[in-house]
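Coordinate analysis (summary)
Spelled out, the chains give:
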Amino acid sequence: MSIAANLESLGVTLPDAPAPAANYVPFVRVGNIVYVSGQISKADDLITGKLGDDMDVAAGAAAAKVCAINLLAQVRAACGGDIEKLVRVIKLTGFVNSTADFTDQPQVINGASDFLVEALGDAGRHSRSAVSAASLPLGVAVEIEGIFEVQ
């Protein structure tokens with residue numbers, strides 16, 4: 001099944017690639033590798049909150065899934081609008097807006113990892129880091145950057 005068809009079967013429509021909010025580019029393509037700048041937890045609205053305070057792990061994982069969808073939107077843009085040129089996810093680095101004593105960052109970022117494997121199969125399996133942040137831009141709950149192989 002194609003990536004687009006699988007996303008559709010999951011009820012996911014990729015948004016237009018979000019524009020950068022400062023002086024950087026949303027992605028850099030070097031040969032067949034695409035480096036995608038951090039994508040925040042923003043669908044129609046910002047998903048804000050602090051894990052370990054006013055947000056639970058399930059809500060954080062849902063925010064991470066939104067970040068993964070935004071990452072795929074950037075990859076599609078890097079491939080001239082053709083998501084089928086995505087070969088595999090190489091690495092994710094996830095940042096979780098959390099309290100000092102919160103230790104479930106990996107479970108939060110699983111929201112992105114699980115979605116990418118569900119959407120892409122083995123091509124969605126990746127290396128990963130999941131780290132805590134005292135705060136994130138605009139108070140968002142999660143930000144994730146990624147490295148991808150494309151055709």
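In this report, the structure presented in the accompanying data block is examined.

Reading the values: the criteria
- Residues numbered from 1 in each chain as written.
- Predicted model: local features only at pLDDT ≥ 70, side-chain atom pairs only at ≥ 80, totals over all residues.
- Heavy atoms only, no water.
- Axes fitted to C-alpha atoms, helices over the stretch in contact; angles between N-to-C directions.
- Helix = DSSP H or I, 4+ residues; strand = E, 2+ residues; numbered from the N terminus.
- Parallel < 35°, antiparallel > 145°, perpendicular 65-115°, else oblique.
- Left-handed = near helix turned anticlockwise from the far one by under 90°.
- Contact = heavy atoms within 4.5 Å.
- Nonpolar A, V, L, I, M, F, W, Y, C, P; charged D, E, K, R; others polar.
- Pairing = 2+ DSSP bridges.
- Disulfide = S-S within 2.5 Å.
- Buried < 20%, exposed > 50% of the residue type's maximum accessible area, 1.4 Å probe, protein only.
- Salt bridge = Lys/Arg side-chain N within 4 Å of Asp/Glu carboxyl O.

Comments concerning the packing of helix α2 (residues 57-78) against helix α3 (residues 105-120)
- Taken N-terminus to C-terminus, the directions of α2 and α3 make an angle of 45 degrees; their axes are 7 Å apart at the nearest point. Our classification of the angle between α2 and α3 gives oblique. Here α2 and α3 pass one another in a crossing that is right-handed. Every residue of α3 that contacts α2 at V57, G60, A61, A64, K65, A68, I69 and L72 is listed here: Q107, V108, I109, G111, A112, F115, L116 and L120.
- Considered class by class, the residues forming the contact of α2 with α3 number 12 nonpolar, three polar and one charged.

Details of the pairing of strand β3 (residues 86-97)
- Here β3 runs beside strand β5 (residues 142-150); their pairing, made up of nine bridges, is antiparallel. Following the sheet pairing, V89 is matched in β5 by F148.
- The sheet contact formed by β3 and strand β4 (residues 127-133) spans seven bridges and is parallel. When the bridges of β4 are listed, V96 appears paired with S132.

A look at the sheet that holds β5
- What the five strands build is an open sheet, ordered β1-β2-β5-β3-β4; its pairing is mixed. Of all strands in the sheet, those with a lone pairing partner are β1 (27-30) and β4, marking the two edges. The mean inter-strand angle of the sheet, taken between neighbouring strand axes irrespective of direction, is 15 degrees.
- The sheet contact formed by strand β2 (residues 33-40) and β5 spans six bridges and is antiparallel. Each bridged residue has a counterpart across the sheet, and for V34 the counterpart in β5 is F148.
- Each of β1, β2, β3 and β5 is contacted by α2, which is oriented at about 35 degrees to β5, the strand it contacts most.
- Along the sheet face, α3 touches β3, β4 and β5 and points at about 160 degrees away from the line of β3.

Points about the state of the cysteines
- In total, this model carries zero disulfides according to the counting rule given.
- Between C67, a free cysteine, and C79, which holds the nearest cysteine sulfur, the sulfur-to-sulfur gap is 20 Å.
- Owing to a relative accessible area of 5%, C79 belongs among the buried residues under this scheme.

Quick look at unusual backbone geometry
- We note that L138 has phi near 60 degrees; this positive angle belongs to a residue other than glycine.
- Tracing the sequence through the fold places L138 in the loop between β4 and β5.
- For L138, a relative accessible area of 64% puts it in the exposed group.

Considerations on the pattern of salt bridges
- Tallied over the full model, the rule gives one salt bridge.
- The closest approach of N and O atoms between D122 and R125, which form a salt bridge, is 3.2 Å.
- Residue class for D122 comes out exposed when judged on its relative accessible area of 60%.

Examining the side chain of S41
- Relative to the helices and strands, S41 is located in the loop between β2 and α2.
- When its relative accessible area of 0% is taken as the criterion, S41 is described as buried.
- The contact partners of S41, leaving out residues within four places of it in the chain, are L46, I47, A63, V66, C67, V140, A141 and V142.

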